[in-house]
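# Remarks on the overall topology
These are the residues of each chain, in order.
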Amino acid sequence: MSRTRKVTVSTSDNSVHGHTVGWSETPEAPPATPDPSAAAFFDVDNTMMQGASIYWFARGLAARKYFTTGDLARFAWQQAKFRLLATEHAGDMSQAKEAALAFIQGWRVDDVERLTEEIFDELMAPRIWAGSRKLAQRHLDAGQRVWLVSAAPVEIGRVIATRLGLTGAIGTVAEVVDGAYTGRLVGDLMHGPAKAEAVTQLAAVEGLDLSRCAAYSDSANDLPMLSTVGHPVAVNPDPALLRQARERGWDVRDFRTGRRAVKIAVPSTAAAGLVAGAVTAGLALHRRRNRTD
């Protein structure tokens, strides 16, 4: 029996597009002729930006004294080790899910979105790959819609999409009651095959022709999503994805150079759950301190 997963898509509101550090204002281009049957889907971590969005979110929380930079450094090392050993198996995904649940429980959605906006401007905007941003803009200029697809909470994806002027975001969905997270997920983490399923469902709802759509990712974990569309592109690919791209004749774009490419081999999307664990501890400590002050 097949299962149907509910897909929640957050659409950015360009009318509230805020100032983004590192981006200059440009004259508004004339509206493109809409191309409603084609779209593009971009992974976020190491594809649209250097590193993992949840990692930079944690960095921003550390700067705000939610936890120490030492805690962050330890979890960053765990992430790097996690990625190098390629241990994204079922047990690791379970740990990532549990960390994500603990991270969000009791937090209000508007607080997470406010902090994400601040932290994007401070830490994420300078780490957006200019090449990836240009690729996304080409689709927009062609009248096509562009969605981010990430294992990060959909609220974080929505903020990033809004800041970049994209259509919206598909991400991990957390249950919300009375404006606060309950600590339960709606469905599974948006990772691996779940991304392909979400893209397929969105295409059905929006009337997209997947053979005319494009998808971009750095990771072999996203092979299901890349295989779903007619125009897959490997961006800053890991070795496994690079091999597959060459074998299948897919386009490859690498915006890294030399030593810089090695240094940027940081948090993967699944491993980002480990940083969420560090965030969890920090938020719990922060809440305890607030109750005792």
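It should be emphasised that the depicted structure is a prediction, and the values quoted were computed from it without experimental measurement. (Residues numbered from 1 in each chain as written. Predicted model: local features only at pLDDT ≥ 70, side-chain atom pairs only at ≥ 80, totals over all residues. Heavy atoms only, no water.)

### Notes on the overall build of the protein
For clarity, the cut-off: Only DSSP runs of H or I covering at least 4 residues are called helices, and only runs of E covering at least 2 are called strands; the numbering of each starts at the N terminus. For each residue, the accessible area found with a 1.4 Å probe, counting protein chains only, is set against the maximum for its type, and the residue is called buried under 20%, exposed over 50%, and partly exposed in between. Contacts between residues were defined by any pair of non-hydrogen atoms, one from each residue, lying within 4.5 Å.
For the protein, the helix and strand inventory stands at 11 helices and 8 strands. Each of the 293 residues in the protein was classed as buried or not, and the buried ones make up 51%. Contacts in the protein between residues far apart in sequence, at least 24 positions, make up 72% of those at least 6 positions apart.

### A short note on the environment of Val229
Along the chain, Val229 falls in the loop between helix 8 (223-228) and strand 7 (231-235). Under the relative-accessibility criterion, Val229 is labelled buried at 8%. For the pair formed by Val229 and Phe41, sequence separation is 188 residues and the distance between their alpha carbons is 9.3 Å. Apart from the residues lying within four places of it in its own chain, the contact partners of Val229 are Leu210, Cys213, Ala214 and Ala215.

### Points about the pattern of salt bridges
As a reminder of what qualifies: Whenever a carboxyl oxygen of Asp or Glu lies within 4 Å of a side-chain nitrogen of Lys or Arg, that contact is scored as a salt bridge.
Here the structure, examined in full by the defined rule, presents 14 salt bridges. In this structure, Asp121 engages Arg163 in a salt bridge whose closest nitrogen and oxygen atoms are separated by 3.0 Å. Placement of Asp121 in helix 4 (residues 109-124) and of Arg163 in helix 6 (residues 154-164) is noted, with a sequence separation of 42 residues between them. Overall, Arg163 belongs to the buried group, its relative accessible area being 11%. Close ionic contact of Arg145 with Glu206 constitutes a salt bridge, the shortest N to O distance being 2.6 Å. Here Arg145 is found in strand 3 (residues 145-153), whereas its partner Glu206 is found in helix 7 (residues 193-206), with 61 residues between them in sequence. Residue Glu206 is classed as partly exposed on the basis of its relative accessible area of 32%. By sharing partners, the salt bridges in this structure join Arg64, Asp111, Arg114, Glu118 and Glu122 into a single network.

### A word on the pairing of strand 3
The condition is simple: If DSSP finds at least two bridges between two strands, the strands pair. If you view a crossover with the strands going away from you and the path from the first strand over the helix to the second runs clockwise, you call it right-handed.
In terms of burial, strand 3 is largely enclosed, as 7 of its 9 residues are buried. Sheet topology note: the strand 2 (residues 39-43)/strand 3 ladder contains 5 bridges and is parallel. Paired with Ala39 across the bridge in strand 3 is Arg145. In the classification by handedness, the crossover that spans strand 3, the intervening helix 6 and the parallel strand 4 (residues 168-177) is right-handed.

### Some details on the pairing of strand 7
Taking burial as the measure, the 5 residues of strand 7 include 4 buried ones, the bulk of the element. Bridge analysis of strand 6 (residues 214-217) against strand 7 gives 4 bridges, and the strand direction is parallel. Following the sheet pairing, Ala214 is matched in strand 7 by His231. Considered for its hand, the β-α-β crossover made up of strand 6, helix 8 and strand 7 is right-handed.

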